[in-house]
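Read off the chains here:
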Amino acid sequence: MFKKALHDHPGSGTKPLHQTDLLRANATVHSKSQPQSSGVKRKIEVAESSLGSLHNAVYFDENDFDDDLDLDEPQPLIAPSLSGSAIPKTVTYPSLDTTSGIGQSVYGNENPTDINYPDLPSISQEAAAPPSSMQLPWSSSPPSHFQPPVKKPRTLPWTKEEEEPREDKKKSFVTPKRSRPAEPWNKSESTIKAEQKELRQEYKKTQKPDGNAKTKDNSKIASVFLSDEQRAVLDAVVDRGKSMFFTGSAGTGKSVLMREIIAKLRNKYRKEPDRIAVTASTGLAACNIGGVTLHSFAGIGLGKEPVPELVKKIKKNQKARNRWLRTKVLVVDEVSMVDGDLFDKLEEIARKIRNNGRPFGGIQLVVTGDFFQLPPVPDGSNREAKFAFAAASWTTCIQHTILLTNIFRQRDPEFADMLNEMRLGKISPRTIEAFRRLSRPLDVKDQIEATELFPTRAEVDGANSARMGRLSGEMMRFNAVDSGTIQDPQHRDRLLATCMAPPMIQLKKGAQVMLIKNMEDSLVNGSIGKVVAFMSEDYFDSYKENDKNFTDDATASDDERAHRARKKLKPMGYKEGPASMARKWPLVSFLQPDGSERHLLCQPETWKIELPNGEVQAQRQQVPLILAWALSIHKAQGQTLQRVKVDLGRVFEKGQAYVALSRAVSQEGLQVTRFEPRKVMVHPKVVEFYSNLITITEVNKSKSSSALNPDDFDDDDF
Ligand SMILES: Nc1ncnc2c1ncn2[C@@H]1O[C@H](COP(=O)(O)OP(=O)(O)OP(=O)(O)O)[C@@H](O)[C@H]1O
Ligand SMILES: [Mg+2]
């Protein structure tokens, strides 16, 4: 029984072990503790440890959020070289030459680094803080998306029609066309209606066969078919109200499952959205799931005081008190970075504030994370960081612990096994050899290079700046528009410092970027692409409908093509001058896993820091891109990357090497330099904890049952 499995850990060591984890559970590990980053404030630790700064976020609350400042601060860019050699040769979009104003700053010939587009119009308070709990936060739309559908959708409809082969591009380069061209400047009502019909049909196609309706913001993403083990967790949480901790190796679909759970819970409590509190250990993780940090939810400041004082503090704060009283389900993501003592404090606070003696005051807990990945760090005192599973109240609060075993990210079982060995800290000589063989450069046939992962932000900025400096062409700057109920700009900035989207991003044609929002099935958070042009929405519409006009002459230079394209656009209604003052956005060609390319005009998306009652404390609108020649391991956490390059020589923290290498989907897409087994560090307490977990499959085997049975989850826990 799951309950039994849970109640037996940690430490009993009597349960049957999962085939992969358990065979290695007695493995030799680096039991000697590694030196931890010292100090509490992230800022202090920047130079040594991006992980340290990450962990420190655990100790911030809504009044003190600066946990990612050290990671995100922009560095000056190196002056562009004039060689232009790094401009991708396959880019065949009309070159946006500098004589006409197309692709130029609307303000003329400023210094590239000073080019400023007009800021987005600021939005009203109501627009900034909609009662948005029903929206799916990882795909929130900017307010403009709520306007009547007078414009065509921003992205291509990606019809599956056969494309006309283009000689100057490989065949997989797909720029789907609309079946029925309609000029954006001259749409009749019937055209609009027909387009709407077409979109409705496309939307229907994305529905699951069981007809489950999706909420508005998630409509672009087809629902994932959960595996049996994922489905079992979902049912136990949503239908049976169980308190669960689900865990598993990198790529076992924990985040995918958590998103489904949140969506289903939001649907379940749609009339009382404040019953669900969505939180994570760090600001970055919280921002990724549209929640707040655990500290912020709890209203405990840094949470250093003893519980009675913290309770007093919360009682004085009406909003925080209400949150504790109203919450029925508390979601906690990336729990590996939550300190065990903090967990115990919150558990006691919950009982006291709610005047309810049941574990966690009767709140259902839905917790996920992988303790083999990123550990908590000490809070500045001398004591060693304590894992959440070592909290005294952990086993009474968590009714069921489920180990997910089906690895989705790496389809190659050999590679998945290599990573699992690494995760557990027991690497066989064969695996060491296999990792060493991956030191060769990647065999890349297109323009997308492997993303290099670094432990520190300084290394990331240095690498990205150097690459940007090699590109010629104009630098375009995109400033975020921030808003929210928090009026104090400094406080808001601190909250938003944890956001994946930067306050400002500078891009050039040819820049390698990563999409940081889920847009469509194959354009997801983590997709890597190159900026191929900057254009306005109308120009993009004209372009895609007259694609061939721009690209029919493979021998023409970029400038010639742009000139011809403009000549062809003029009679079609495209006007230079005032019309070309329209805001221009990066057009990005994204690499698909099958080698084809897809294009997206990247207009601003929204990230929210939202309390359970729907109050949007802070939100940021920004183009959903970050530079991706290089990425910090911190920001890469949770991502799935097709091409990755990691130098293990610089890795210093437990779990760091595993987090970095497990981003890759295949050995072909992974380059590892300076691989040494001693760089793979695992905490012995984590090994012990996992050695006592059993899988759903094993539970079923022991019950001689082939199917998962909801009755496996006992009802007598509370
Ligand atoms: N049920 C599923 N069916 C198909 N693909 C899935 C499923 N669940 C997850 N995936 C895919 O597997 C990959 C990894 O999923 P996800 O990021 O949720 O894993 P994770 O356990 O959260 O990993 P990490 O520990 O690295 O954060 C993603 O590309 C995701 O789309
Ligand atoms: Mg994840």
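All values derive from a computational prediction rather than experimental measurement.

**Student:** What am I meant to see in the overall build of the protein here?
**Tutor:** When helices and strands are tallied, the protein shows 26 helices and 20 strands. Each of the 718 residues in the protein was classed as buried or not, and the buried ones make up 59%. A sequence separation of at least 24 residues applies to 77% of the contacts in the protein between residues at least 6 apart. Total accessible area computed for the protein in this model is approximately 28,800 Å², and 51% of it derives from carbon and sulfur atoms.

**Student:** Help me out: how do you make sense of unusual backbone geometry in this one?
**Tutor:** Most peptide bonds adopt trans geometry, and most residues besides glycine take a negative phi value. Phi is positive for F360, close to 50°, though the residue is something other than glycine. If you trace the backbone, F360 turns up in the loop between α14 (340–354) and β5 (364–368). In the Ramachandran plot, R674 falls in the positive-phi region, its phi being about 55° despite a non-glycine side chain. Its place among the elements puts R674 in the loop between β20 (670–673) and α25 (684–691).

**Student:** Honestly, the pattern of salt bridges in this entry has me stumped. Any pointers?
**Tutor:** Oppositely charged side chains can pair when the atoms bearing their charge come close. In the structure shown here, the tally under the stated rule is 20 salt bridges. With a shortest N-O distance of 2.8 Å, R351 and E347 are connected by a salt bridge. In this pair, R351 and E347 both sit in helix α14, four residues apart, roughly one turn of the helix. Exposure remark for R351: the relative accessible area of 30% places this residue in the partly exposed category. Residue classification places E347 among the buried positions, given a relative accessible area of 6%. Here D647 and R650 are joined by a salt bridge, their closest N and O atoms 3.5 Å apart.

**Student:** Just checking my understanding: could you explain the packing of aromatic side chains for this structure?
**Tutor:** Overall, the coordinates contain 18 aromatic pairs when judged by the stated rule. Ring centres of F689 and Y690 lie 5.3 Å apart, and the angle between their planes is 85°; on these two criteria the pair is classed as edge-to-face. Under the relative-accessibility criterion, F689 is labelled buried at 1%. Classification of Y690 by relative accessible area gives buried; the value is 1%. Aromatic rings pair up to connect F245, F297, W324, F343, F360, F371, F372, F387, F389, W394, F689 and Y690 into one cluster.

**Student:** I would appreciate a short explanation of the nonpolar core in the present structure.
**Tutor:** Generally speaking, nonpolar side chains in soluble globular proteins are found buried as a group. With 50 residues, the main nonpolar core has W324, I349, F360, F371 and W394 as its most contacted residues. The dominant element in this core, judged by the number of residues it contributes, is α14, at six residues. Here this core spans two domains, and each of domain 1 (228–404) and domain 2 (439–546 + 583–642) adds at least three residues to it. Those residues in contact with F360 that sit more than four places away from it in its chain are W324, L330, F343, L346, E347, A350, R351, R354, L365 and C397. In terms of nonpolar packing, the next biggest core, distinct from the first, is built from 44 residues, M500, I528, V644 and V659 among them.

**Student:** Can you help me understand the UniProt feature "binding site: ATP" (unreviewed entry) in the protein in this one?
**Tutor:** Per the UniProt record, the feature "binding site: ATP" (unreviewed entry) sits at G248, S249, A250, G251, T252, G253, K254 and S255. Considering the arrangement of structural elements, one finds S249 in the loop between β1 (244–248) and α9 (254–268). With relative accessibility at 6%, the residue S249 sits in the buried group. Excluding its chain neighbours within four sequence positions, the residues that come into contact with S249 are K254, D370, Q373, L404, I407, N420, R423 and Y658.

**Student:** Explain the environment of Q592 here, please?
**Tutor:** Among the structural elements, Q592 can be located in the loop between β13 (585–591) and β14 (597–601). Judged by its relative accessible area of 6%, Q592 is buried. The spacing of Q592 and Q642 is 50 residues in sequence and 8.9 Å in space, taken between C-alpha atoms. In contact with Q592, not counting residues within four places along its chain, are S522, L523, E597 and R598. In this structure the side chain of Q592 is engaged in a polar contact, spanning 2.8 Å, whose partner is the side chain of S522.

**Student:** How should the site of ligand 1 be read in this particular structure?
**Tutor:** Taken together, 19 residues surround ligand 1, and among them Q230, G251, K254, R409 and R663 come closest. Within the backbone of G251, one N or O atom sits 2.8 Å away from an oxygen atom of ligand 1. Here an oxygen atom of ligand 1 sits 2.7 Å away from a polar atom, N or O, in the side chain of K254. Protein coverage of the free-state accessible area of ligand 1, which is 620 Å², stands at 81%. Of all the elements, α9 adds the most residues to the shell around ligand 1, at three residues. Counted by class, the shell around ligand 1 contains six nonpolar, 10 polar and three charged residues.

**Student:** Just checking my understanding: could you explain the side chain of Q373 for this structure?
**Tutor:** Note that Q373 resides in the loop between β5 and α15 (394–397). Not counting the four nearest positions on each side in its chain, Q373 is found in contact with S249, A250, K254, Q637, K654, G655, Y658, V659 and R663.

**Student:** Hey, could you run me through the sheet that holds strand β18 (residues 630–632) in this one?
**Tutor:** Strand pairing in a sheet relies on backbone hydrogen bonds. The paired strands run either parallel or antiparallel. Strand order across the open sheet formed by four strands is β18-β7-β19-β20, with parallel pairing between neighbours. The sheet is open, and its two borders are formed by β18 and β20, each paired with just one other strand. The average angle at which neighbouring strand axes cross in this sheet is 25°, direction not considered. With three bridges connecting them, strand β7 (residues 451–454) and strand β19 (residues 644–647) associate as parallel partners. Bridge pairing links L453 to V646 in β19.

**Student:** What am I meant to see in the pairing of β5 here?
**Tutor:** Looking down a regular strand, the side chains alternate between one sheet face and the other. β5 sits mainly inside the fold: five of its five residues count as buried. The two faces of β5 match: Q364, V366 and T368 on one face and L365 and V367 on the other face are all buried. Pairing of strand β4 (residues 329–333) with β5, which is carried by four bridges, proceeds in the parallel orientation. Following the sheet pairing, V329 is matched in β5 by Q364. Between β4 and its parallel partner β5, the chain crosses via α14, and the hand of that crossover is right-handed.

**Student:** Please clarify how the sheet that holds strand β16 (residues 616–622) should be interpreted in this entry.
**Tutor:** With antiparallel pairing, the three strands of this open sheet are ordered in space as β9-β16-β15. Because the sheet does not close on itself, it has two edges, and the strands there are β9 (481–483) and β15 (605–610). Neighbour-to-neighbour, the strand axes of this sheet turn through a mean angle of 15°, independent of strand direction. In this fold helix α19 (residues 489–496) packs onto β9, β15 and β16, with an angle of close to 70° to the strand it touches most, β16.

**Student:** Teacher, can you tell me more about the environment of P612 here?
**Tutor:** Within the fold, P612 resides in the loop between β15 and β16. When its relative accessible area of 8% is taken as the criterion, P612 is described as buried. C-alpha separation for the pair P612 and V278, spaced 334 residues apart in sequence, amounts to 7.0 Å.

**Student:** How should the confidence of the model for the protein be read in this particular structure?
**Tutor:** Predicted coordinates in regions of low pLDDT should not be interpreted in detail. Chain-level pLDDT for the protein is 71 on average; 59% of the residues reach the 70-or-more range. Put simply, helix α3 (residues 42–45) is where the protein has its lowest mean pLDDT, 25, and β5 is where it has its highest, 98. Counting contacts from residues 1–188, a segment whose pLDDT is below 50, to residues more than four positions away or on other chains yields 510 contacts. Among the prediction metrics, the complex's ipTM stands at 0.99, with pTM recorded as 0.66.

Criteria and thresholds
- Residues numbered from 1 in each chain as written.
- Chains lettered and ligands numbered in written order.
- Predicted model: local features only at pLDDT ≥ 70, side-chain atom pairs only at ≥ 80, totals over all residues.
- Heavy atoms only, no water.
- Helix = DSSP H or I, 4+ residues; strand = E, 2+ residues; numbered from the N terminus.
- Buried < 20%, exposed > 50% of the residue type's maximum accessible area, 1.4 Å probe, protein only.
- Contact = heavy atoms within 4.5 Å.
- Areas by Shrake-Rupley, 256 points an atom, 1.4 Å probe, with all protein chains shown as cover.
- Salt bridge = Lys/Arg side-chain N within 4 Å of Asp/Glu carboxyl O.
- Phe/Tyr/Trp six-rings, centres within 6.5 Å; stacked < 30°, edge-to-face > 60°.
- Core = buried A, V, L, I, M, F, W, Y, C linked by side-chain atoms within 4.5 Å.
- Domains from an automatic or database assignment.
- UniProt positions renumbered as here; feature names shortened; annotations may be inferred.
- Polar contact = N/O pair within 3.5 Å; in protein donor to acceptor, adjacent residues only side chain to side chain.
- Near = heavy atom within 4 Å.
- Nonpolar A, V, L, I, M, F, W, Y, C, P; charged D, E, K, R; others polar.
- Pairing = 2+ DSSP bridges.
- Axes fitted to C-alpha atoms, helices over the stretch in contact; angles between N-to-C directions.
- Right-handed = clockwise from strand over helix to strand, strands pointing away.
- pLDDT = per-residue confidence, 0-100.

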